[in-house]
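One-letter residues, chain by chain:
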Amino acid sequence: MTDRTAITDGLRESTQALAFEYDSARSSAPFIDEFVQLVRYRDLVILLAGNILKNRYKRSLLGILWMLLNPLLQTIVLAIAFGTLFNSALPHYPIYLLSGLLAWSFMTQTVQYAMGIMATGSSLLKRIYIPRATYVVAVVSNGLVNLLISIMPLAMIVLVLQHPVSTSWLFLPVSIFILALFTLGLSLLLATAAVFFNDSIDIYQIVIQAGFFLTPIMYPPSVLPETAQSWLVLNPFFAFIDLFRAPIYTGTIPDIHVIATASTLALATLLVGWGVFTHKADQLAYRL
Amino acid sequence: MRMPMIEIDNVTVRFRIPHERIPTLQEYAIRWLKGRGVQYIDFNALTNLSFSVKQGETLGIIGSNGAGKSTLLKVIARVIRPTEGRLRLRGRVAPLLELGAGFDYEMTGRENIFLNGAVLGFSRKAMAQRLDSIVEFSGIGDFLDAPVRTYSSGMVARLGFAVATDARPEVLIADEVLAVGDTDFQRKSAARIREFRENGSTILVVSHNPASIKALCDRALWLEHGSIRLIGSASTVVDQYAPDPPSS
């Protein structure tokens, strides 16, 4: 059976939800089948993404306001601590800091959440058929909404500091799209690992903690020794942070090399992550 | 025309159990470096199972603990893909979930109706049309907009049953959940299942209680150690049924 017929079969299923036939011998291409099923269950993905958001702030006093306050407070604390250190190299340091921080948190926190939810919070996958990637895609969608909301406090700081705003902001949707592809790929890959090995999350946290200091988020790359600067190309996160930060902080479209590196990396990660996840998906029900 | 709704053809489900459990990446890496692979033992939860269930039939599945009943239901609910063999389904399969599975207890009843419907594969639009009849059948009334954590377990069970059965599924899987709720609701749910049978739904019932299998089902399947010990009319199978002591 070719992929093309698998797609048309899937689409036929989706248009007449009550009359589909299932044949365990037929679904030979999980790589594509999983995608078709996700499209069918899109309302579930949207609901779960919304529920994550609602649950997180449901029983807190300030509710959704926390989403705006959190990045502001974080920026103020770090700007007081390090502002004087980098103020000459980085004018309007809080903007440099927060734009880097937002991109970094979106990528790393989303991946960690996806790992956790696959390792512990998905007993539903053992009880009923839903597309196996449902939770991971919902978590990434939720992270994306969080990122979009936290652009508001960033814009507030930009206004307060009277930082110049240029048309380069229009490039941001492209940056965010590439970041999201990478995050989805990494989430799928590491969520699979989290299901098979309990200590994946612990290892991940250590790597991320080190990564936070090894990546120019709160300092400019120029403070690094020259040898370390040349190693920076090997840090995949740096390209993604630059992609998001350049349009905001320097008011320029990111360097073409940065765009090319980030896009290639994002696509490759997504393909590998999707491939590994869908390949192992049938084993998830045994393992969870 | 009674066509087969479920066809199980030589299905084997094999679990691969590590000889010693290796839960961490660290240990796995150490073993790999030492050149010792991981040793597995294979365990067949189901072995070469073949049977089919026709439209409108009610099939009871009995067997002692560990006979493979839950694994078989998971295969039919598409949670587990058979290691070998083939499963074919005609029509939509709706499993009645265990109490509370698929619910988010922090969310309201209304939100959970949409969530549960989405888990069963229904669109938001379809659920909006069904909302009224689900609320009416479940009898949750004023609690519709209260968080589910404030519900009694009977109310949760009623709501779950109402969502799963509001649209008549072609195949309904009931795993000992029919005994929940108060007697009034039991009567109502039994009546609804009877109505499904009369309208041609196929129903699978798993129970430890042979008497209820005899009362509910046309046919029965006796599973033993992952194989079919006996399949036939419900009364024949139940009369011969003598559960094994669970294997160690």
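Residues numbered from 1 in each chain as written. Chains lettered and ligands numbered in written order. Predicted model: local features only at pLDDT ≥ 70, side-chain atom pairs only at ≥ 80, totals over all residues.

1. Overview of the overall build of chain A
Here comes step 1: Tallying secondary structure elements over chain A gives twelve helices and one strand in all.
Here comes step 2: Tracing chain A from N to C terminus, the helices and strands come up as α-β-α-α-α-α-α-α-α-α-α-α-α.
Here comes step 3: The buried share among the 288 residues of chain A stands at 37%.
Here comes step 4: For chain A, the share of sequence-separated contacts (at least 6 apart) that also reach a separation of at least 24 residues comes to 80%. (Helix = DSSP H or I, 4+ residues; strand = E, 2+ residues; numbered from the N terminus. Buried ≥ 20, exposed ≤ 12 C-beta atoms within 10 Å, placed from the backbone. Contact = placed C-beta atoms within 7 Å.)

2. What about helix H7 (residues 134-160) of chain A?
Here comes step 1: For H7(A), built from 27 residues, the straight-helix expectation of 39 Å at 1.5 Å per residue is met to within 8% by its first-to-last C-alpha distance of 40 Å.
Here comes step 2: Count one or two residues on from H7(A) and you reach A:Gln162, which has phi positive near 55 degrees. (Expected span 1.5 Å × (residues − 1).)

3. A word on the interface of chain A and chain B
A common way to express how large an interface is: the accessible area buried when the components associate.
Here comes step 1: Between chain A and chain B, the residue contacts involve 30 residues of the former and 33 residues of the latter.
Here comes step 2: For the side of chain A that touches chain B, the secondary-structure elements that each account for two or more residues are strand E1 (21-23), helix H3 (42-57), helix H6 (124-127), helix H9 (200-214) and helix H12 (256-287) of chain A.
Here comes step 3: With five residues, H3(A) is the single largest residue contributor to the side of chain A that touches chain B.
Here comes step 4: Looking at side-chain class alone, the side of chain A that touches chain B contains 15 nonpolar, six polar and nine charged residues. (Nonpolar A, V, L, I, M, F, W, Y, C, P; charged D, E, K, R; others polar.)

4. Notes on the packing of helix H4 (residues 124-138) of chain B against helix H5 (residues 153-166) of chain B
Residue and element names in this part refer to chain B.
Here comes step 1: Running from N to C, H4 and H5 point in directions that differ by 140 degrees, and their axes come no closer than 9 Å. By the angle class used here, H4 and H5 are oblique. The two elements H4 and H5 cross, and the hand of that crossing is right-handed. On H5, the residues that touch Arg130, Ser133, Ile134, Phe137 and Ser138 of H4 are Arg158, Leu159, Ala162, Val163 and Asp166.
Here comes step 2: Across the contact of H4 with H5, the residue classes tally to five nonpolar, two polar and three charged. (Axes fitted to C-alpha atoms, helices over the stretch in contact; angles between N-to-C directions. Parallel < 35°, antiparallel > 145°, perpendicular 65-115°, else oblique. Left-handed = near helix turned anticlockwise from the far one by under 90°.)

5. Considerations on the confidence of the model for chain A
Low-pLDDT portions of the prediction should not be read for the details of their coordinates.
Here comes step 1: Residues of chain A with pLDDT of at least 70 account for 90%, and the chain-wide mean is 86.
Here comes step 2: Segment residues 1-19 of chain A: pLDDT under 50, and 18 contacts once partners within four positions in sequence are set aside and those in other chains are kept. (pLDDT = per-residue confidence, 0-100.)

6. Overview of the domain arrangement of chain B
Here comes step 1: Splitting chain B by domain gives domain 1 (4-92 + 206-240) and domain 2 (99-168).
Here comes step 2: Put simply, the middle of domain 1 of chain B and the middle of domain 2 of chain B, counted by C-alpha atoms, are 29 Å apart. (Domains from an automatic or database assignment.)

7. Description of the nonpolar core
Here comes step 1: By size, the foremost hydrophobic cluster in this structure holds 137 residues, and its most contacted members are A:Val136, A:Leu179, A:Phe240, B:Ile76, B:Ile173 and B:Ala220.
Here comes step 2: At 16 residues, helix H5 (residues 93-119) of chain A tops the list of elements feeding residues into this core.
Here comes step 3: Viewed by domain, this core spans two of them, domain 1 (4-92 + 206-240) and domain 2 (99-168) of chain B, each represented by three or more residues. (Core = buried A, V, L, I, M, F, W, Y, C linked by C-beta atoms within 7 Å.)

8. Comments concerning the sheet that holds strand E6 (residues 171-175) of chain B
All names here are of chain B.
Here comes step 1: If you walk across this open sheet you meet the six strands as E5-E6-E7-E3-E8-E9, and the pairing is mixed. Edge positions in the sheet fall to strand E5 (93-95) and strand E9 (227-233), since each of these pairs with one other strand and no more. Sheet twist, expressed as the average angle between the axes of neighbouring strands with direction ignored, equals 20 degrees.
Here comes step 2: Both strand E3 (residues 58-62) and strand E8 (residues 219-224) contribute to a ladder of four bridges, which runs parallel. Paired with Ile61 across the two strands is Leu221, which belongs to E8. (Pairing = 2+ DSSP bridges.)

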